[in-house]
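Below, each chain spelled out in residue letters.
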Amino acid sequence: MEACSPVDDRVALSEAFSPHNEIQDPTKFAGRIPQLAKAVDALNNPGTVIVIHGARGIGKSSLARQVSLLDQGDTQLKAAHRLDDGTLDLHFQYQPFYVPCTNETPNTTALLSKTRRLIAAEVDVVYKDSGKSTTTRGWSLFGRLFGVNSAKSTEMEDPAISTFGAREDEMLTDILSRRRTRAKLPALIIFDEVDVMRDMSGLAHFIKTIRSEIAQFILVGVAASAEQLVADHQSIGHRLRPIEVPPMRPDEAREIFDIAAARLLSLQANVAYSPETVGAIIDEAGGFPYTVQALGRDSGVECLKNGRVLVTREHLGQALLFRSGSDSWLPFENSYRQAVGQSSQRAEVLDICAAENGSDVPINFIYTVAKERYRNTNPYQTINQLTADPLSSVLIRVPGATAYIRFRDPLLKWYIRRRPDARAVARAD
């Protein structure tokens, strides 16, 4: 085998491991066959609304991407997993539209507007600025579809910044109907990361109004349950098909390394992993594919830094030690620092919660430990600060006879628990 230069080897590691991006290549998709089978079964029963939910970094978006590829007739995944028993066979065909939610889609109206603009070009519906105001927009239906050259234009308030009910739902419904007439296939609309929306009211109601022969929907987001993800789920409660993405089994996580090793070999990369290192990374990852990908790449980088070709547990230890300096973990470091700010008390409480094995930590326990270990005079005030925002706070308060605290993002808990200087920061004045 021809050895590559160190730069080439690092590029190869980034090709083999991809923690930042969802897996779109079916040949790099590991595990999750039971969840894929549930999604296919749901699509084979028109009218159901698939809700893919779970923790951050658990592989939800990758799963949705593979459902989309199966819908398009891609057989690579079935071939890679040798699935010829019909488990992943779709009885109906759809045309997928992938709609990621961002800060620009804070509510249902903005999401429907983004979806409308994505689909509009296919049916010759063009929206353009009227030039009269930044808060108004003219929209024109160009009649090429009907052989009409003239355009009809109507000015209206921009639906992206108006309240729900400003005919955005009607326009999207109209466009979906036009698309269905032209394409002869229903649309498969995938709303990804819907949990970033601050207001989802009206979304379930809109989905309920769309006939299954026009469009099917998949909702993807961070949540413990489908009902938690869809705020007004009562509108479509009986149609929801929840698909929870759980932590990976060890054999599924090992598939990630089998796929990565094959990729490194094909790229002639001069780097390999000892079986002990692979097992240690899988154990350390705790079922999060993101963590497997990140530690796989970062430990490989540490190996190359030391001029070695075999990744050992020593290199994994170095990757864990210098985690806060790796771009793999920068979003988690930013979340931690944003939560802590300049407060040593907040760092203390986060450190206490992250150190506990269970998902729920009693507030009374946090109070006792904070008082004894850190001499924190008012841990309740600190807890209130860390649980104030119901949508973006790091910790969630679970009410009850005995109140509990849990991390909103289990992967962030993993990061804080192993953060090298967490305790030093917590004890700093």
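Structure's up top.
Structural notes, computed from the coordinates. (Residues numbered from 1 in each chain as written. Predicted model: local features only at pLDDT ≥ 70, side-chain atom pairs only at ≥ 80, totals over all residues. Heavy atoms only, no water.)

**Digging into the sheet that holds strand S11 (residues 361-362)**
Either a parallel or an antiparallel arrangement is found when strands of a sheet pair, and the pairing is made through backbone hydrogen bonds.
Turning to step 1, where the next piece is worked out: Spatially, three strands are ordered S11-S13-S12 in an open sheet, and the strand pairing comes out antiparallel. Two strands close off the open sheet at either side, each with one partner strand: S11 and strand S12 (395-398).
Turning to step 2, where the next piece is worked out: As paired strands, S11 and strand S13 (residues 404-407) are joined by two bridges and run antiparallel to one another. The residue of S13 that forms the bridge with Val361 is Ile405. (Pairing = 2+ DSSP bridges. Helix = DSSP H or I, 4+ residues; strand = E, 2+ residues; numbered from the N terminus.)

**Overview of the sheet that holds strand S2 (residues 95-100)**
Turning to step 1, where the next piece is worked out: Pairing is parallel across the open sheet formed by five strands, whose spatial order is S2-S6-S7-S1-S8. Of all the strands in the sheet, the pair left with one neighbour each is S2 and strand S8 (240-244). Pairs of neighbouring strands in the sheet enclose a mean axial angle of 20°, with direction left out of account.
Turning to step 2, where the next piece is worked out: Lying over the sheet, helix H3 (residues 60-71) contacts strand S1 (49-54), S2, strand S6 (187-192), strand S7 (215-222) and S8, oriented at roughly 160° with respect to S7. (Axes fitted to C-alpha atoms, helices over the stretch in contact; angles between N-to-C directions. Contact = heavy atoms within 4.5 Å.)

**Concerning the pattern of salt bridges**
Turning to step 1, where the next piece is worked out: Applying the stated criterion to the full structure yields 18 salt bridges.
Turning to step 2, where the next piece is worked out: Among the ionic pairs, Glu15 bridges to Arg263, the shortest N-O distance being 3.0 Å. Of this pair, Glu15 sits in helix H1 (residues 6-16) while Arg263 sits in helix H9 (residues 250-266); the two residues are 248 residues apart in sequence, bridging distant segments of the chain.
Turning to step 3, where the next piece is worked out: For Arg337, the salt bridge goes to Glu333, with nearest N and O atoms at 2.6 Å. (Salt bridge = Lys/Arg side-chain N within 4 Å of Asp/Glu carboxyl O.)

**Topic: H9**
Turning to step 1, where the next piece is worked out: With 17 residues, H9 extends 25 Å from end C-alpha to end C-alpha; this agrees with the ideal 24 Å at 1.5 Å per step.
Turning to step 2, where the next piece is worked out: Taken as a whole, H9 has its buried residues at Glu252, Ala253, Ile256, Phe257, Ala260 and Leu264. End-on view of H9: buried residues confined to an arc of 160°, all on one side of the axis. Residues of H9 that are exposed and angled more than 90 degrees away from the buried face: Asp258 and Leu265.
Turning to step 3, where the next piece is worked out: Taken from the residues just after H9, Gln268 is the one with a positive phi, measuring 60°. (Expected span 1.5 Å × (residues − 1). Buried < 20%, exposed > 50% of the residue type's maximum accessible area, 1.4 Å probe, protein only. Arc of directions from axis to C-beta.)

**Let's talk about the environment of Lys305**
Turning to step 1, where the next piece is worked out: Within the secondary structure, Lys305 sits in helix H11 (residues 289-305).
Turning to step 2, where the next piece is worked out: Lys305 sits in the exposed class, given a relative accessible area of 53%.
Turning to step 3, where the next piece is worked out: The spatial distance from the C-alpha of Lys305 to the C-alpha of Arg10 is 9.9 Å, given a sequence separation of 295 residues.

**Focus on the pairing of S6**
Turning to step 1, where the next piece is worked out: Burial analysis of S6 places six of its six residues in the buried class, which makes it a mostly covered element.
Turning to step 2, where the next piece is worked out: Judged by which residues are buried, S6 turns out to be covered on both faces: Ala187, Ile189 and Phe191 on one side and Leu188, Ile190 and Asp192 on the other are all buried.
Turning to step 3, where the next piece is worked out: Judged from the six bridges that link them, S2 and S6 form a sheet pairing that is parallel. Bridging across to S6, Pro100 finds its partner in Asp192.
Turning to step 4, where the next piece is worked out: As defined by bridge partners, S6 adjoins S7 across five bridges and the pair is classed as parallel. For Ala187, the partnering residue across the bridge sits in S7 and is Ala215.
Turning to step 5, where the next piece is worked out: Between the parallel elements S6 and S7, the chain passes through helix H7 (residues 203-209) in a crossover that is right-handed. (Right-handed = clockwise from strand over helix to strand, strands pointing away.)

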